[in-house]
Structures are given as C-alpha cells and as structure tokens.
Number of protein chains: 2
Amino acid sequence: MSRIPRNRLGDLERAVLEHLWTGAAPPAGATVRQVHDAVGLERGLAYTTVMTVLDRMAKKGLVTRERDGRAWRYTAAASREELTSESLHHALGELAGTERRSALLHFLDESTPEELDELRAALAQLEARSIGTQPPARRPRAGHLRRGPT
Amino acid sequence: MSRIPRNRLGDLERAVLEHLWTGAAPPAGATVRQVHDAVGLERGLAYTTVMTVLDRMAKKGLVTRERDGRAWRYTAAASREELTSESLHHALGELAGTERRSALLHFLDESTPEELDELRAALAQLEARSIGTQPPARRPRAGHLRRGPT
DNA sequence: TAGCATCTACGACGTCACGTAGTCGACGCA
DNA sequence: TGCGTCGACTACGTGACGTCGTAGATGCTA
C-alpha cells in the first residue's frame, strides 16, 4: 500500500512534479525520456536517475503511471493545488482550536495584501458556490491523499 | 551559521517543542533534565539522547538557550503559532497567483465548518485591528524565521 | 539475422537528518 | 576524596533522496 505522500519532497522530485504539472508534459502523461529531456538533461542527470525517481514517486503515490507500449507514461497524482492544500491542512491539523485561531492570525498578519485579497476572494467564491447547496451535515475532509488506516 | 529551520521536524524534536510550549516547562526555560523527565522518561530515552536533540535544535535555531549555572535553559525559539504560520506561508509561497487562489479554494473546500469560522474570525480580527492603523505602504513578511542570504 | 537503440527492473552507494546512546572531563557538594 | 550532575563529542543505525550502473527484454534496421 502506498505510503503517506510525505510533505517533504526532494528537489528533484519537486522538479519532476513541476514538469508534470506544466503544460509542457503531454496530457496523456510523460515518459521517462520526456521527463529526462525536460528536467534531467539540464542538470546533467543520467536517464536512469530520472527513471528511478519516477519509479519511487509512483510507489509513494505521488504520480500514477500507465503502460504505453513498452514504456510507462507518468502523470502527477495530485495537482499542485491539491498538494498545497494538503500541506496547509497538515500544518494546521496539529493545532487545537485556540492555537489554530492564533496561528491563522499570525499567518494573515504576515500575508501580503495580495494574499489577503486572494483569500477573501476564495472564501467568497466558496460561499457563493455553497448557496443552494444545502451543506451536508458534516463533510469529512476529502481523502484523495489521505493516509490509509494506520 | 544556523541552518534554515526545516519545516519537517522529527518526532522527538516535535515532542520536545511541545513540551517547551506547554505551561509545564518553566517560563525561564527548561533544563535538559526537565525535558528529559517530561518527554524522555516516558519514552525510555537516555538523558543524553534528549540532550543531543536539544543541542541540535539549538544549532538549528529551533530553540534558544541560556546558561543557568552549569546547565543550559532551553526555550522554544518560536511559538507553535509562529511555526505553523511559517509552514503555511512556506506551502503557499511556491505558488504563483492563479495557482494560489486555486489552492486556497481547495483548502477551504476541504475545511470543516469550524475551521472556516476560525478563518473568518481571524480575518475579521485582523481587519478590525488594522482600522486606524494606516497600513504601511507594504510590509514585507515578518522575518523572524527567515533564512539568511544565499 | 546481427546490431544497435530503447526501456524497465534491480541493486548500489553516498549524504543527510534524526533517534539513540556511550564516554569523558569539569564541577560542586558531602 | 568520592559520587552525582552536566555538557561536549563521537558514534551507530535507519530511512529518504539523489545518482547511477548493469542486466534483460524488445523493437527497428542494415
């Protein structure tokens, strides 16, 4: 069973994900060669290095892969936004109520006006969307990247 | 030069911080012995283990220490809230504008009603506080835990 | 058909962060 | 003077990552 997608990504892992997220990668998924050409060559990496990383990432559930002839086609398992959201929840998840409020205040306090605007906009958008959508009693957090039982 | 305070804390490191944050630790800072008694004993750890961890944390800037006779007194360098806030910014920091909005939306979407309420409250509190406080042209983010040049 | 290219599968090695702990020497108190 | 307490150092095991090399299978081509 795939391990918990660690929040902490390595540099190369992150670069690979960046590539997969970019429009540069084919929608159907990129092959090792393509990823290597894109992020491996400029770093002077061997083809196998990229392959190994991709393989490990697949095992960790960070990317998914599908056969395409002899080769695999890799796709990011989660969008950058999902991963970020996950990180945010993770960071906040360890705090109890009071502390959470306090942490949020800190966070907002250190945010740029742009960030605050974005946050307000997102909040407004969420509220607008939920109108007419009778909120289900309590929606547990999405679990697409949730860790398995123990 | 102290390294960047990694976001990723080890289990023991986190436990130690938790203790230092708790009222259980003396305000003046806890000695190795005190930390050991509090979090080391229950884990069956050796005194030196806790000492080593504390020492490393001090070198990483996660805790500060002051001499108290022959011993050191350790204090958390940042509050839990500051650390969390830092994590949040870190997570969000890698995204460009559009993606950030999207990530925030994801985040909010997966938040519990309680969390949303807390966020709104914090936002309101911030706005209330800034009234009358002519916002400085642009306040760069707080840098108490900022990495040094390089 | 013999080569050569292209892929994946596996195994390896180095480094770094952490958890864990032992040893040693300095120091203070009975 | 001897015991107990502390910090400084050193060390070892493990796991995550970056980085490759080699071995096979497969496919294209002269």
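Within any chain, residue numbers begin from 1 and follow the written order of that chain's sequence. Going through the entries in the order they are written, you letter the chains from A and number the ligands from 1. Note on the predicted model: pLDDT of at least 70 is required for a residue's local features to be given, and 80 or more for side-chain atom pairs to be given and counted; whole-chain, interface and lining totals, by contrast, use all residues. Neither water nor hydrogens contribute to the side-chain values; these are computed over all heavy atoms in the structure.

### Structural notes on the overall build of chain A
Within chain A, the regular secondary structure consists of 6 helices and 2 strands. Ordered by position from the N terminus, the helices and strands of chain A form the series α-α-α-β-β-α-α-α. Note on exposure labels: buried denotes an accessible area under 20% of the residue type's maximum, exposed denotes more than 50%, and partly exposed covers the range between, all computed with a 1.4 Å probe on protein chains only. Counting all 150 residues of chain A, 39% fall into the buried class. In chain A, the share of contacts with a sequence separation of at least 24, taken over all contacts with a separation of at least 6, comes to 56%. Secondary structure elements follow DSSP: runs of H or I of four or more residues count as helices, runs of E of two or more count as strands, with numbering from the N terminus. We call two residues contacting when some pair of their heavy atoms lies within 4.5 Å.

### A look at the relation of the copies chain A and chain B
Placing chain A over chain B gives an RMSD of 0.1 Å and needs a rotation angle of 180°, together with 0.0 Å of translation along the axis. Here the symmetry operator amounts to a two-fold rotation axis. Across chain A, the rotation axis passes nearest the C-alpha of leucine 88 of chain A, at a separation of 2.8 Å. Here 100% of the contact residues of chain A are again contact residues in chain B; the copies associate through an equivalent surface. Residues reaching a pLDDT of at least 70 in both copies supply the C-alpha atoms on which the copies are superposed by least squares.

### Comments concerning the protein's contact with DNA strand C
Lining the immediate surroundings of DNA strand C are 25 residues, of which Arg33 and Arg70 of chain A together with Thr52, Arg56 and Lys60 of chain B lie closest. Within 3.5 Å is the distance limit for a polar contact, defined as a pair of N or O atoms, with the added protein rule that one can donate a hydrogen and the other accept it, and that residues adjacent in sequence qualify only through two side-chain atoms. The side chain of threonine 52 of chain B places a nitrogen or oxygen atom 2.7 Å from a base nitrogen of DNA strand C. At 2.7 Å, a side-chain N or O of lysine 60 of chain B approaches a phosphate oxygen of DNA strand C. Broken down by secondary-structure element, the contributors of at least two residues to the surface near DNA strand C are helix H2 (32-40), helix H3 (47-59), strand E1 (63-68) and strand E2 (71-76) of chain A together with helix H1 (11-21) and helix H3 (47-60) of chain B. Tallying contributions element by element places H3 of chain B first for the surface near DNA strand C, with 6 residues. Tallied by class, the residues present in the surface near DNA strand C amount to 9 nonpolar, 5 polar and 11 charged. We call a residue near a molecule or strand when any one of its heavy atoms sits within 4 Å of it. Ten residue types, Ala, Val, Leu, Ile, Met, Phe, Trp, Tyr, Cys and Pro, are classed as nonpolar, four, Asp, Glu, Lys and Arg, as charged, and the remainder, Gly among them, as polar.

### Some thoughts on the pairing of E1 of chain A
Residue and element names in this part refer to chain A. With 6 bridges connecting them, E1 and E2 associate as antiparallel partners. The partner of glutamate 66 across the bridge, within E2, is arginine 73. For two strands to be treated as a pair, DSSP must find at least two bridges joining them. Connecting E1 to the antiparallel partner E2 that follows it, the hairpin turn spans 2 residues, and glycine 69 within it adopts a positive phi of roughly 70°.

### Brief notes about the interface of chain A and chain B
Each side of the interface is counted separately: chain A has 52 residues, and chain B has 52 residues. When the buried area of chain A at its contact with chain B is split by residue, Arg8, Leu88 and Glu110 of chain A rank highest and sum to 13% of it. We count a salt bridge whenever a side-chain nitrogen from Lys or Arg sits within 4 Å of a carboxyl oxygen from Asp or Glu. The tally of links from chain A across to chain B stands at 10 salt bridges. Among the salt bridges present, the one from glutamate 118 of chain B reaches arginine 100 of chain A, with a minimum N-O distance of 4.0 Å. Counting across the interface, chain A meets chain B through 14 residue pairs in polar contact (both at pLDDT 80 or more). Looking at the side of chain A that touches chain B, the elements with two or more residues in it are helix H4 (80-93), helix H5 (97-109) and helix H6 (113-130) of chain A. By residue number, the principal contributor to the side of chain A that touches chain B is H6 of chain A, which donates 14 residues. Class assignment of the residues belonging to the side of chain A that touches chain B gives a composition of 17 nonpolar, 14 polar and 21 charged. Accessible-area loss on putting two parts together, using a 1.4 Å probe and summing over both, is the definition of buried area adopted here.

### Looking at the side chain of glutamate 118 of chain A
Residue placement: glutamate 118 of chain A occurs in helix H6. Residues contacting glutamate 118 of chain A, with those up to four places away along its chain left out, are Gly97, Arg100, Arg101 and Leu104 of chain B.

### Focus on the protein's contact with DNA strand D
Contacts to DNA strand D come from 25 residues, most closely from Thr52 and Lys60 of chain A together with Arg33, Tyr47 and Arg70 of chain B. Among the atoms of DNA strand D close to the protein, meaning within 4 Å, 57% are from sugar or phosphate groups. At 2.7 Å, a side-chain N or O of lysine 60 of chain A approaches a phosphate oxygen of DNA strand D. Backbone polar atom of tryptophan 72 of chain B to a phosphate oxygen of DNA strand D: 3.0 Å apart, as the coordinates give it. Looking at the surface near DNA strand D, the elements that each hand over two or more residues are helix H1 (11-21) and H3 of chain A together with helix H2 (32-40), H3, strand E1 (63-68) and strand E2 (71-76) of chain B. Looking at the surface near DNA strand D, its residues break down into 9 nonpolar, 5 polar and 11 charged.

### Quick notes on the pattern of salt bridges
If you walk through the whole model with that rule in mind, you get 24 salt bridges over all chains. In this structure, aspartate 55 of chain A engages lysine 59 of chain A in a salt bridge whose closest nitrogen and oxygen atoms are separated by 2.7 Å. Here aspartate 55 of chain A pairs with lysine 59 of chain A, and both are found in helix H3, just 4 residues apart, close to one helical turn. Look at lysine 59 of chain A and you get exposed, because its relative accessible area is 57%. Through salt bridges that share partners, Arg14, Glu18 and Arg80 of chain A together with Glu99 of chain B make up one connected network.

This is a description of form; function is not addressed.
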